Amino acid sequence: MLQQILTDMFIDPELLTELNEEQKQVLFFKMRQEQVRRWKEKEAQLEKEETASKESNATGRSVSWLPGLDSDVWVWVMGEHPADKPYDQICDDIIAERAALQAQREAEELRAKKEVELVKRFSTIFTEPELLSMRDLDIRPGPKEEEEEQRETQRKEAQRKEEQAKEQQAREASAAAAQEQKQQEEELKKREAEERRRAEEEVRRLEEQRKQQIYMDLREIREDKDDKHWQETLRKSKAADLRRRSMAKQALEDHRRRSVKALERGRVAAVTKAFCGDKPLLPPKPKPRNLTVTSDTLKPKPGMRRTTSTSSREHIIRWFQEEQLPLRAGFEKDQSRIAPWFHGIISREDAEELMSENKPGHFLVRVSERILGYVLSYRCKDAFKHFLIDATDGCYMLLGDQIRFSSLSELVDYHEGEPITMSGGERLLHPCGQKAGKVDYADLFA
């Protein structure tokens, strides 16, 4: 069954539901090993093809990968380099950038409003100076007597001097007014520049304050909205990662330990064979039972297709009667009677209900209602565990395990002293029997 899963790289969902966490970890580990093996084979094949193509076309273009210190392709893993920023710092940088952009936009709007106010304020103060233009008078006397003419000339001369004096005074007053207006304009320009400088400083100060405020608001929103959920999710994810790593490590250790146990069993079997002869010891002859077993029943029918999943109870019963019953599956070691831990086609819930009142260490072996195989159900301290038993190739073994057993009773006897997993320490101490007045495996032996 395991080889078929690794060949197809697919596991039936119904089969997956029958696996416990340890068996899922072992299956994942083996599937991952198979993926790596296939990838290495594919890479080796591609390298051969590339080498052949380069030899055939030496002038063609090619792509070469940058090698690392380990002579493999150089890979940059985000987050592992000392210069890589952590997630929290990246989030803070993004929030700070958003706050700066929003504060800059608001500062530009405020700066435009300030400019309009300054222009409106100082445009009403400036006025255009009225320049006075003085024009000279051209006096032409008429034909009179010489005396009158002289008197008129003197009078006009005096009047001209007076007008010149007035004109000089007007010019001086106009120059003084122009100078004063120029000074006022310069003073107003200085005041305007000072106002603009103060307005720019205020805008920058408000922009910096607004940026800090927006940054704190965004961070508070992110913390209020996502922090609790994110922190909880992160905590659960880290705990799940640690748990998966621990389980995978434990499963790998169990796998290695069982591999050593399998080698030891193989050596013991070899020694037994050397001392006892070529023929193995035959099991004791079973006592007669009220079962009708013919020679046809003892031989598995070739038309029976072994699958990992089935859709009918009749199919499972036919599989058990044709393939498992001749192997005395479910019987005690001496094959005298059906083992007390053996149960028929019952569901996981029924098995847990049977063991709900029992103490930790109780167990039962049931025929799976989903696949052609068995399930070992075990009562822990606070929960139940279910281990899938692979019954293909004429032997019995826990899925992902390396130790093969010739019968279910041998598997049960072995795990009475040897735990199923080192992390759980599941030892099969007390068999869980049938309900009073009801047998759930009657249809299998009918």
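Above this text sits the structure in question.
Residues numbered from 1 in each chain as written. Predicted model: local features only at pLDDT ≥ 70, side-chain atom pairs only at ≥ 80, totals over all residues. Heavy atoms only, no water.

A.B. asks: Lay out the nonpolar core in plain terms, naming residues and giving numbers.
C.D. replies: Among the nonpolar cores identified, the biggest contains 36 residues, and F320, F342, V367, Y374, I389, L444 and F445 are the most heavily contacted of them. Every element with two or more residues in this core is listed here: helix 7 (313-324), strand 1 (342-345), strand 2 (362-367), strand 3 (374-379), strand 4 (384-390) and helix 9 (408-417). When neighbours within four sequence positions are excluded, F342 is seen to be in contact with F320, G330, V365, V367, Y374, Q434, Y441, L444 and F445. Ranked by size, the runner-up nonpolar core spans 13 residues in total, among them L6, L15, I371 and L388. (Core = buried A, V, L, I, M, F, W, Y, C linked by side-chain atoms within 4.5 Å. Buried < 20%, exposed > 50% of the residue type's maximum accessible area, 1.4 Å probe, protein only. Helix = DSSP H or I, 4+ residues; strand = E, 2+ residues; numbered from the N terminus. Contact = heavy atoms within 4.5 Å.)

A.B. asks: Requested: an account of the packing of aromatic side chains, with residues and values cited.
C.D. replies: Here the structure, examined in full by the defined rule, presents 10 aromatic pairs. Ring geometry for W319 against Y374: centres 5.8 Å apart, planes inclined by 50°, an arrangement best described as tilted. Taken as a pair, W319 in helix 7 and Y374 in strand 3 lie far apart in primary sequence, 55 residues in all. The two residues W319 and Y374 agree in class, both being buried. Here Y374 and Y396 contribute two aromatic rings whose centre-to-centre distance is 6.1 Å and whose plane-to-plane angle is 55°, an arrangement assigned as tilted. Here Y374 is found in strand 3, whereas its partner Y396 is found in the loop between strand 4 and strand 5 (397-398), with 22 residues between them in sequence. (Phe/Tyr/Trp six-rings, centres within 6.5 Å; stacked < 30°, edge-to-face > 60°.)

A.B. asks: Please give an account of the pairing of strand 2 that cites residues and values.
C.D. replies: Strand 2 sits mainly inside the fold: 6 of its 6 residues count as buried. Along strand 2, one buried face is formed by H362, L364 and R366 and the opposite face, lined by F363, V365 and V367, is buried too. Summarising the sheet, strand 1 and strand 2 pair through 3 bridges and their orientation is parallel. Within the sheet, the bridge partner assigned to H343 lies in strand 2 and is R366. Of the strand pairs in this sheet, strand 2 and strand 6 (residues 430-431) are connected by 2 bridges, and their pairing is parallel. Directly across from H362, in strand 6, lies its bridge partner H430. When strand 2 meets strand 3, the two strands line up antiparallel, connected through 5 bridges. Looking at the pairing, V365 lines up with L376 of strand 3. (Pairing = 2+ DSSP bridges.)

A.B. asks: Please set out a negative patch on the surface residue by residue, giving values where relevant.
C.D. replies: On the surface, a cluster of negative charge is made up of E349, D350, E353 and E369. Residue placement: D350 occurs in helix 8 (residues 348-355). (Patch = residues over 30% accessible without salt bridge, like charges linked within 9 Å, V, L, I, M, F, W, Y side chains within 5 Å. Areas by Shrake-Rupley, 256 points an atom, 1.4 Å probe, with all protein chains shown as cover. Salt bridge = Lys/Arg side-chain N within 4 Å of Asp/Glu carboxyl O. Lys, Arg positive; Asp, Glu negative; His and termini not counted. Charge placed at Lys NZ, Arg CZ, Asp CG, Glu CD.)

A.B. asks: Describe the pairing of strand 4, listing the residues and the values that go with them.
C.D. replies: When you tally the buried positions in strand 4, you get 5 out of 7 residues, the bulk of the element. Where strand 3 lies against strand 4, 6 bridges are found, and the strand directions are antiparallel. Residue Y378 lies in a different strand from strand 4, and its bridge partner there is K385. Turn length for the strand 3-strand 4 hairpin, with the two strands adjacent in sequence and antiparallel, is 4 residues. The pairing of strand 4 with strand 5 spans 2 bridges and is classified as antiparallel. Each residue of the ladder has a partner; that of D390, found in strand 5, is M397. In textbook terms, the turn of a hairpin is the stretch between consecutive antiparallel strands, and for strand 4 and strand 5 this stretch comprises 6 residues, one of which, D393, has a positive phi near 60°.

A.B. asks: A description of the pattern of salt bridges should follow, citing residues and the corresponding values.
C.D. replies: A complete count under the given rule lists 24 salt bridges for this structure. Between K166 and E162 there is a salt bridge; the shortest N-O distance is 3.7 Å. Residue K166 and its partner E162 are located together in helix 5 (residues 146-276), separated by 4 residues, close to a single helical turn. Put simply, R197 and E201 hold a salt bridge, and the shortest N to O gap is 2.7 Å. Residue R197 and its partner E201 are both found in helix 5; the two are separated by 4 residues, about one turn of the helix. A cluster of three or more residues bridged by salt bridges with shared partners is formed by E34, R37, R38 and E41.

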